[in-house]
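The lines below spell out each chain.
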Amino acid sequence: MNKNKIIFAIIWVLVLWAIFWWISLLNSSWNTTKRPRLSTEDFKIWTYNLDKAKLDEIVKDFKKTNTAYENKNITVENFSDYKDYEDSLLASIVQWKAPDVFLLNNFEKSYLENQTAGINPTLINPNDFRKNYKTFFWDDLISKTSDWSWQTIDFVTWVPVWYETLWIFYNKRFWIKSTDLESWAWVSTVVNIIKERNPDIIPLWMWNWSTVNDSQDIITQFFMLSWDSWVNSFDQVTDVWLKEAFSTYYSYADEKDPNAYDTKYNEMKKDWKTNLELFSAWDLAMIIGYPSMIDKINWSWFNKSFLFAEPFPHYFSSKGKTLVRYSYFVVNKDTKDETLAFDFLKYLSDEKWARNFLSKFTYLLPALVTLEQDKLWERIHDSYNVVLWDFYKEWDDWLFSSFDKWITSYYDTEMVKILDNTMTYIEEVKKLQKFIQCKYNKIYNLQNLSVSCDN
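Residues numbered from 1 in each chain as written. Predicted model: local features only at pLDDT ≥ 70, side-chain atom pairs only at ≥ 80, totals over all residues. Heavy atoms only, no water.

> Describe the state of the cysteines, listing the residues and the values that go with them.
Considering all chains together, one arrives at one disulfide under this definition. Between the sulfur atoms of Cys438 and its disulfide partner Cys453 the distance amounts to 2.1 Å. With the S-S bond torsion at -80°, the cross-link from Cys438 to Cys453 turns out left-handed. Placement of Cys438 in helix H16 (residues 425–443) and of Cys453 in the segment after H16 is noted, with a sequence separation of 15 residues between them. Exposure remark for Cys453: the relative accessible area of 10% places this residue in the buried category. (Disulfide = S-S within 2.5 Å. Helix = DSSP H or I, 4+ residues; strand = E, 2+ residues; numbered from the N terminus. Buried < 20%, exposed > 50% of the residue type's maximum accessible area, 1.4 Å probe, protein only.)

Given below as structure tokens:
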């Protein structure tokens, strides 16, 4: 063998060794299908704003399907308050008692992402993810890294199962038609008609006090209705769209105006009534909320025959963005049962088992495109004739978008307070932008740690 052939053979050996080393490293760091012995500790899943009993059913079905885990004790904890959930999660990480799988929300680039493990592309292929999931998930949940040869690799970071958009629930008793809610111009028209026919009826509820639905997300959705820009982050909300959004919101909600729509404001405050109580008593014609509000509507004994719904209107057709809310499951990078954790995520990404999950939570829209045709025609609650299709416009699918609140807990709490202050909302929102940016730099970027955010 001549010298050139020897050199060539050595190079090929080195290349093959490098490839083998890289694959081994990738499999090790990305948690592949290796099956180490299960930890003797409980496997913990933490969620928020879901039904624990239904989640327990999901876990039971997962164990039945994956018999390797049938004797593993898998516990579920569900928090009703997001702030409690966030605080408990941070405390558990510090104490090395964090759950193996937990939820994050799409409204913030969470500093908890550093506590999560990416998903090996061989487990959930990014190209398959793009084919199978709604388009707005692509930007949110696919990340990039570089391999040993500096080639860019896509990988799915987390697994979504559902999403929600805001809807207008309405009482058909007040002669409201589907076409009346196609734009805010039409909404204003039907509001005036209802007021003329029924002076004692509140046409549309947006006011904050005693509002059981998410008023902070209603104003957020108005931020995103900008027709000349694409607003999907709090720092992008300019003075122009700040004034436009609050102007629209307050036009349906200012109790200080004797001609305003929420004339029962003081009465409600005195009697501690909620907007859902007014809605069920037929003192209120329309109410805005997420589909998950259906359980509360049912508990308030709303009439079974007159409940209908439509998607949140835009100012103009195909202008602005539609706010989507969802949570996604992530794996704790320090889990002692990484194979079980990723098998659970794989389980939730499979069409059959995603269908099973959504059958327990019938009011949630499916993240998988393949489930739409079947799921969209299902009732969101057995007691009502409302189906998921009522809240979905396929031709506006490309408008769906997350909104970056920076830090969800601060944004939601402070925005609700601002909505109750009609006089200084512009100054208050600007202060909130600076405050959250300061907090974000401290918590996420570890910058300006000695600077007070209250200044």
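> Please provide a residue-by-residue account of the side chain of Glu310, values included.
Along the polypeptide, Glu310 turns up in strand S11 (residues 307–311). Residue class for Glu310 comes out buried when judged on its relative accessible area of 13%. There is a polar contact of 2.8 Å between the side chain of Glu310 and the side chain of Ser178. Ignoring anything within four residues of it in the chain, the contact list for Glu310 reads Trp167, Ile168, Tyr170, Ser178, Leu181, Asp390 and Phe391. (Polar contact = N/O pair within 3.5 Å; in protein donor to acceptor, adjacent residues only side chain to side chain. Contact = heavy atoms within 4.5 Å.)

> Describe unusual backbone geometry, listing the residues and the values that go with them.
Phi angles above zero are rare outside glycine, and Trp175 is one such case at about 60°. With respect to the helices and strands, Trp175 occurs in the loop between strand S8 (167–171) and helix H6 (184–197). Overall, the relative accessible area of 48% leaves Trp175 in the partly exposed class. The backbone of Trp406 shows a phi angle near 75°, a positive value even though the residue is not glycine. Within the fold, Trp406 resides in the loop between strand S15 (400–401) and helix H15 (408–419).

> Give me the sheet that holds strand S10 (residues 284–289): which residues, what numbers.
Pairing within the open sheet is mixed, and its four strands lie in the order S9-S10-S8-S11. Of all strands in the sheet, those bounded by a partner on one side alone are strand S9 (202–205) and S11. Neighbouring strand axes in the sheet, compared pairwise and without regard to direction, differ in orientation by 20° on average. (Pairing = 2+ DSSP bridges. Axes fitted to C-alpha atoms, helices over the stretch in contact; angles between N-to-C directions.)

> Describe the pattern of salt bridges, with residues and values.
The full count for this structure, using the stated rule, is 17 salt bridges. Where Lys83 meets Asp87, a salt bridge forms, and the shortest distance between an N and an O atom there is 2.9 Å. In this pair, Lys83 and Asp87 both sit in helix H3 (residues 82–94), four residues apart, roughly one turn of the helix. Put simply, Lys405 and Asp412 hold a salt bridge, and the shortest N to O gap is 2.8 Å. Residue classification places Asp412 among the buried positions, given a relative accessible area of 18%. One salt-bridge network, in which partners are shared between bridges, spans Glu164, Asp214 and Arg325. (Salt bridge = Lys/Arg side-chain N within 4 Å of Asp/Glu carboxyl O.)

> Please provide a residue-by-residue account of the sheet that holds strand S1 (residues 43–48), values included.
Ordered in space as S2-S1-S3-S13-S6, the five strands form an open sheet in which the pairing is mixed. Of all the strands in the sheet, the pair left with one neighbour each is strand S2 (74–79) and strand S6 (159–160). Where S6 meets strand S13 (residues 327–331), two bridges bridge the pair, whose relative direction is antiparallel. Bridge pairing in S13 places Pro160 opposite Tyr328. Docked against the sheet, helix H12 (residues 338–349) engages S1, S2, strand S3 (101–105), S6 and S13, running at close to 150° with respect to S13.

> Hey, could you go over the packing of aromatic side chains for me, with residue numbers and the actual values?
What the rule picks out here adds up to 46 aromatic pairs. Relative to Phe222, the ring of Trp184 has its centre 5.2 Å away and its plane inclined at 45°; by these criteria the two rings are tilted. Remark: Phe222 occurs in helix H7 (residues 215–223) and Trp184 occurs in helix H6; sequence separation between them is 38 residues. A residue is classified by how much of its surface remains accessible, and Phe222, at 0% relative accessible area, is buried. On the numbers, 6.4 Å between centres and 85° between planes, the contact of Phe329 with Phe357 is edge-to-face. Of this pair, Phe329 sits in strand S13 while Phe357 sits in helix H13 (residues 351–360), and the two are 28 residues apart along the sequence. The class of Phe329 is buried, set by a relative accessible area of 1%. In textbook terms, an aromatic cluster arises when at least three aromatic residues are bridged by ring pairs, as seen for Phe62, Tyr69, Trp162, Phe329, Phe344, Tyr347, Trp353, Phe357, Phe361 and Tyr363. Between the NZ or CZ atom of Lys172 and the centre of the ring of Phe308, over which it lies, the distance is 5.5 Å. (Phe/Tyr/Trp six-rings, centres within 6.5 Å; stacked < 30°, edge-to-face > 60°. Lys NZ or Arg CZ within 6 Å of the ring centre and 35° of its normal.)

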